[in-house]
Amino acid sequence: MLCRIAGYSPSFGHYHAGLMGSREAAGTEMPVSGNLRSYGHFIDGASVAPAAGAYLPTEDPFTGAAWAQIARGTADDANAAVEAADRAFHGPWSRLSATERGHLLWRLGDLVQANAAQLAETERRDNGKLATEVVAQVKYMGDYFKYYAGLADKVQSHVIPTDKKGVFTYTKYEPKGVVVIITPWNSPLTLTSWKLAPALAAGCTAVIKPSEFTSASMLELAELIIEAEIPNGVVNVVTGLGPEVGEALVTHPKTAHIGFTGGEVAGRKIYELAAHHFKTVTLELGGKSPNIVFDDADLPQAVKGVVSGIFAASGQSCQAGSRLLVQQNIHDRFVEMLVEFVRSAKLGDPAVPETQVGPIATRPQFEKILSYIQIAKDEGARCVLGGKARPDLGAGMFIEPTIFTGVRNDMRIAQEEVFGPVLAVIPFRDEQDAIRIGNDVAYGLAAAVWTRSLHRAMLLTDKLKAGTVWVNNYRATSFTSPFGGYKKSGIGRESGTEAINEYLHTKTVWISTDLDVPNPFIRR
Ligand code: NAD
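Quick look at the structure, then. Computed from a prediction, not measured in an experiment: that's the story for all the values here.

## As for the sheet that holds strand β14 (residues 323-327)
Paired through backbone hydrogen bonds, the strands of a sheet run either parallel or antiparallel to each other.
Next, step 1: The sheet built from seven strands is open, its strands ordered β15-β16-β17-β14-β13-β19-β20 with mixed pairing. Here the strands that pair on one side only, and so sit at the sheet edges, are β15 (382-385) and β20 (468-471). Shown here is a sheet whose adjacent strand axes are inclined to one another by a mean of 25 degrees, direction ignored.
Next, step 2: Pairing of strand β13 (residues 290-293) with β14 involves four bridges; the strand directions are parallel. Bridge pairing in β14 places Val 293 opposite Val 326.
Next, step 3: Sheet strands touched by helix α16 (residues 454-463): β13, β14, β19 (446-450) and β20. Its angle to β20, the strand with the most contacts, is close to 170 degrees.

What follows is the structure in structure tokens.
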């Protein structure tokens, strides 16, 4: 039951027990637990059945059973959502001042925080992330909305002192229009709020296409958006498969910008489609981030940082520190400390607070991780911990925290994103060697350096080609601080004050203060 605040009535009118058709629609043999909840799209402030009448099952990765079904969208649904967002953009949303938009966003932040437990429970059922982790994440997400609530009326024009005489020149910032938000399954609500909060603060409206594996929590958030009195149509959600409904949103003539988080294949496709239609994009893609431990580091602290870098969320995190670079003179000692620390990690039901490592979120991801473990073995890397699935736990989608040593940076296990609990350990000689290996990948999302030397820390923060560099910590992110990638890790930045610019056009206005318009045929 959602919490009631200031007149909120937790209706969730889109739940209908026992609707049929999900397994048939998806063509899977997934088991079903009891009555399925059914979620329609969320368009123009209401739950809407899919135009084609088809649904997809959504699975609990711990039980392996479908617990709900989501609408399988088509271009017709995409069109209805974009039209609603376009009407809202030109209608009620455009009539509010930035300060009024900020008030509504703040109210939404309050509602998110009051309902964090319910939203987190839904998200955990969909992606198997630890309940403790998701509750904290969702509560914090409320602060994203509040941060951008405060920023909404602080987007200021600039008067430009130009070299031209007789003119008054200034910039103004205008919302781009209808924004498409496409998100993955690992942190569905958080990664949506990174885009939605600045987009709404900027005055844009949105159509969201969550991952087909984890749409339910977004559909519940949509109810809170209406409860916050954000007008109908400002935020719409269509669910289903990327090629069927996502591409229809990206190519729709009335969408202006695409905010995407996900993998390389979908990212490239969206970038190509957006380029064809001259739309702007922000792309938050994958990573193969180096976590670099020098011999002068506080090693017990570094062990904790390395573990949280790769084994939090079972390694299903874009910013995972999946390459551990250890200075060669401490390599064996550090690996021993690490293995000792991780060996006791408790795998199990993500709903139970004592669990430290949850299941893999989806069947395809589970298969992919196992295939990379095999690739690493075939390449000659040495598995010093884990390396196996745990069919004895839950529905069997568990993979042990896995550590490989003897990894060379040119191996696939060091170059390709696994997106799972698999760590590749690579020795290095000195600072220059660490910088060379650290940068020798196609990605550039994040990096970390563990050292007591200020000189080393400064040198590496300068030389590492990554959007985020942590020193003596791993994983810190905030609504205040830009996040994004170099190279194949993406385009643009999310969070912080600059993220709002992704959703704004800059307009330059020239006002003549000299009534004498020069005759263009007579040169002065
Ligand atoms: P994915 O790329 O398969 O899917 C992401 C979203 O794109 C889903 O909603 C999917 O339906 C949609 N999609 C797929 N094909 C599409 C198409 N042709 N047109 C439009 N939409 C399409 O990614 P995933 O498996 O859900 O998530 C894992 C990936 O996400 C990893 O590579 C990970 O690194 C990345 N990720 C990046 C960040 C970041 O901030 N950089 C954060 C989390 C995850």
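## Let's talk about the sheet that holds strand β7 (residues 167-175)
Next, step 1: Spatially, three strands are ordered β6-β7-β23 in an open sheet, and the strand pairing comes out antiparallel. Among the strands making up the open sheet, the edge pair consists of β6 (159-160) and β23 (504-512).
Next, step 2: Two strands pair when backbone bridges link them, and β6 and β7 are joined in this way by two bridges, in the antiparallel orientation. The residue of β7 that forms the bridge with Ile 160 is Thr 169.

## Description of the nonpolar core
Note on soluble globular proteins: their nonpolar side chains tend to be buried together.
Next, step 1: With 59 residues, the main nonpolar core has Leu 108, Leu 196, Leu 221 and Ile 230 as its most contacted residues.
Next, step 2: Ranked by the residues each element gives to this core, the list is headed by helix α7 (residues 188-202), at nine residues.
Next, step 3: Apart from residues no more than four positions distant in its own chain, Ile 230 is found in contact with Trp 93, Leu 104, Leu 108, Leu 200 and Ile 225.

## Re the packing of aromatic side chains
Next, step 1: All told, the structure shown has 13 aromatic pairs when counted by the stated rule.
Next, step 2: Between Phe 62 and Phe 398 the ring centres are 6.1 Å apart and the planes differ by 90 degrees, which places this aromatic pair in the edge-to-face class. Taken as a pair, Phe 62 in the loop between β4 (55-59) and β5 (66-71) and Phe 398 in the loop between β15 and β16 (402-405) lie far apart in primary sequence, 336 residues in all. Pair check on accessibility: Phe 62 and Phe 398 agree, each one buried.

Scoring rules and cut-offs
- Residues numbered from 1 in each chain as written.
- Predicted model: local features only at pLDDT ≥ 70, side-chain atom pairs only at ≥ 80, totals over all residues.
- Heavy atoms only, no water.
- Pairing = 2+ DSSP bridges.
- Helix = DSSP H or I, 4+ residues; strand = E, 2+ residues; numbered from the N terminus.
- Axes fitted to C-alpha atoms, helices over the stretch in contact; angles between N-to-C directions.
- Contact = heavy atoms within 4.5 Å.
- Core = buried A, V, L, I, M, F, W, Y, C linked by side-chain atoms within 4.5 Å.
- Buried < 20%, exposed > 50% of the residue type's maximum accessible area, 1.4 Å probe, protein only.
- Phe/Tyr/Trp six-rings, centres within 6.5 Å; stacked < 30°, edge-to-face > 60°.

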